[in-house]
Amino acid sequence: MRKNEKYYTMKNTLLLIAMSILLAAMPSVVNAQKNEESDYNLRKAYELLENKEEAEALKYINKQIEEYPKSANAYGMRARLLFEQKKYGAALADINKAIKFWKKGINIKQHSLYWWRAIIYSNMEMIDKSLKDFETTYKLALKENPDDVHDVLYQRAEIHFDRKNYDAADADYRLMLKHNEADQVAMIGLTRNLLEREDYKGAIEMANR
């Protein structure tokens, strides 16, 4: 298992759960327009996923895409399923379509899609593209859901750390502290980077902080 694959398989459980909750909470909106997308298939798929019936769930997701070829919700949900099956190429194709067809008013936030693609790129070891998407995710999250900013910055910092780019990792940890001056995760990250540089005095000062 590649290092990045192992890291994101373990560290992005919360993101997987968050996306699942988001999809489960989709509102049933009654609209007079005939082309309004129904969420029946996706709700059924989510119920099946909860029971670990992935094959059956995929049938409903595919059916949603057949009925609504521009369903960002369906492509996002299928991307998640393909990602968990480690079919990263197929997951990337689906998340690209979800981003393409995304529009205001649907339940999936735009930053979540870019976040998801950043993680897929990382597992495919396409790090430059991953970092670019993390930057887009960060900017969008500031507007759509500031609560996600911590995790976005932390995950990007960890990529920099794995590449031994400690200055870039430091920048993300300090940005985390800018958003929350008491962020202990950021302080631990900075301490670790100081240790990697063998700056033991600085590490002790940061640890004390």
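The rules behind these values
Residues numbered from 1 in each chain as written. Predicted model: local features only at pLDDT ≥ 70, side-chain atom pairs only at ≥ 80, totals over all residues. Heavy atoms only, no water. Helix = DSSP H or I, 4+ residues; strand = E, 2+ residues; numbered from the N terminus. Contact = heavy atoms within 4.5 Å. Areas by Shrake-Rupley, 256 points an atom, 1.4 Å probe, with all protein chains shown as cover. Buried < 20%, exposed > 50% of the residue type's maximum accessible area, 1.4 Å probe, protein only. Polar contact = N/O pair within 3.5 Å; in protein donor to acceptor, adjacent residues only side chain to side chain. Core = buried A, V, L, I, M, F, W, Y, C linked by side-chain atoms within 4.5 Å. Patch = residues over 30% accessible without salt bridge, like charges linked within 9 Å, V, L, I, M, F, W, Y side chains within 5 Å. Salt bridge = Lys/Arg side-chain N within 4 Å of Asp/Glu carboxyl O. Lys, Arg positive; Asp, Glu negative; His and termini not counted. Charge placed at Lys NZ, Arg CZ, Asp CG, Glu CD. Expected span 1.5 Å × (residues − 1). Axes fitted to C-alpha atoms, helices over the stretch in contact; angles between N-to-C directions. Parallel < 35°, antiparallel > 145°, perpendicular 65-115°, else oblique. Left-handed = near helix turned anticlockwise from the far one by under 90°. Nonpolar A, V, L, I, M, F, W, Y, C, P; charged D, E, K, R; others polar. pLDDT = per-residue confidence, 0-100. Phe/Tyr/Trp six-rings, centres within 6.5 Å; stacked < 30°, edge-to-face > 60°. Lys NZ or Arg CZ within 6 Å of the ring centre and 35° of its normal.

Undergrad: Please explain the overall build of the protein as it appears in this structure.
TA: Looking only at helices and strands, one finds 12 helices and zero strands in the protein. Intrachain contacts of the protein at a sequence separation of at least 6 include 52% that bridge at least 24 residues. In the structure as shown, the protein presents an accessible area of about 11700 Å², 51% of it carried by carbon and sulfur atoms.

Undergrad: Teacher, can you tell me more about the side chain of R78 here?
TA: Counting through the fold element by element, R78 comes out in helix α5 (residues 72–84). Relative accessible area serves as the criterion here: at 17%, R78 is assigned to the buried category. Among the polar contacts listed, one links the side chain of R78 to the side chain of D94, at a separation of 2.5 Å. Contact partners of R78, with chain neighbours within four places excluded, come to L58, I61, N62, I65 and D94.

Undergrad: Would you explain the nonpolar core in this entry?
TA: Soluble globular proteins: nonpolar side chains tend toward being buried together. In terms of nonpolar packing, the biggest core is built from 52 residues, with I61, M77, F83, I95, L113, I120 and Y173 touching the most fellow members. Top contributing element to this core by residue count: helix α7 (residues 110–123), with eight residues. Residues contacting I61, with those up to four places away along its chain left out, are L42, A45, A74, M77, R78 and L81.

Undergrad: Looking at this model, I keep getting lost on a positive patch on the surface. Mind explaining?
TA: Together, K70, K97, K100 and K103 make up a region of like positive charge exposed at the surface. The topology assignment puts K70 in the loop between α4 (54–67) and α5.

Undergrad: When you look at helix α8 (residues 127–144) in this model, what are you seeing that I'm missing?
TA: Residues separated by three or four positions in an α-helix point in the same direction, a consequence of the helix having 3.6 residues per turn. For α8, which comprises 18 residues, the first-to-last C-alpha distance of 25 Å matches the rise-based estimate of 26 Å (1.5 Å per residue) to within 8%. All of the buried residues along α8 are I127, S130, L131, D133, F134, T137, Y138, L140 and A141.

Undergrad: Would you mind going over the packing of helix α3 (residues 40–50) against α4 with me for this structure?
TA: Packed helix pairs are specified by the crossing angle of their axes together with the interaxial distance, meaning the distance between the axes. Packing of α3 against α4 leaves a shortest axis separation of 8 Å and a crossing angle of 165 degrees. Relative to α4, the element α3 lies roughly antiparallel. Considering the relative orientation of α3 and α4, their crossing is left-handed. Of α4, the residues touching α3 (which contributes Y40, N41, L42, K44, A45, L48 and L49) are E54, E56, A57, Y60, I61, K63, Q64 and E67. Across the contact of α3 with α4, the residue classes break down as eight nonpolar, two polar and five charged.

Undergrad: I'm lost on unusual backbone geometry in this one. Help?
TA: Only a minority of non-glycine residues have a phi that is not negative, and only a minority of peptide bonds are not trans. We note that K164 has phi near 60 degrees; this positive angle belongs to a residue other than glycine. Within the secondary structure, K164 is located in the loop between α9 (149–162) and α10 (166–179).

Undergrad: I tried to follow the confidence of the model for the protein on my own but got confused; where do I start?
TA: Fine structural detail should not be taken from predicted coordinates in areas where pLDDT scores are low. The predicted model of the protein has a mean per-residue pLDDT of 85, with 83% of residues at 70 or higher. With pLDDT under 50 throughout, residues 1–34 is counted as low confidence; its partners more than four residues away or in other chains account for 57 contacts.

Undergrad: For this particular structure, what's the right way to read the packing of aromatic side chains?
TA: To describe a pair of aromatic rings, you give the distance between the ring centres and the angle between the ring planes. As enumerated under the stated definition, the model contains four aromatic pairs in all. Ring plane angle 55 degrees and centroid distance 5.2 Å describe the contact between F83 and W116, whose orientation is recorded as tilted. One end of the pair, F83, is in helix α5; the other, W116, is in helix α7, with 33 residues separating them in the sequence. Owing to a relative accessible area of 1%, W116 belongs among the buried residues under this scheme. Pairing F161 with Y166 gives two aromatic rings, centres 5.7 Å apart and planes at 50 degrees, and the pair type is tilted. Of the two residues, F161 and Y166, both sit in the buried class. Taken together, the ring pairs connect F83, Y88 and W116 into an aromatic cluster. The ring of F161 carries the charged tip of R192 above its face, separated from the ring centre by 3.5 Å.

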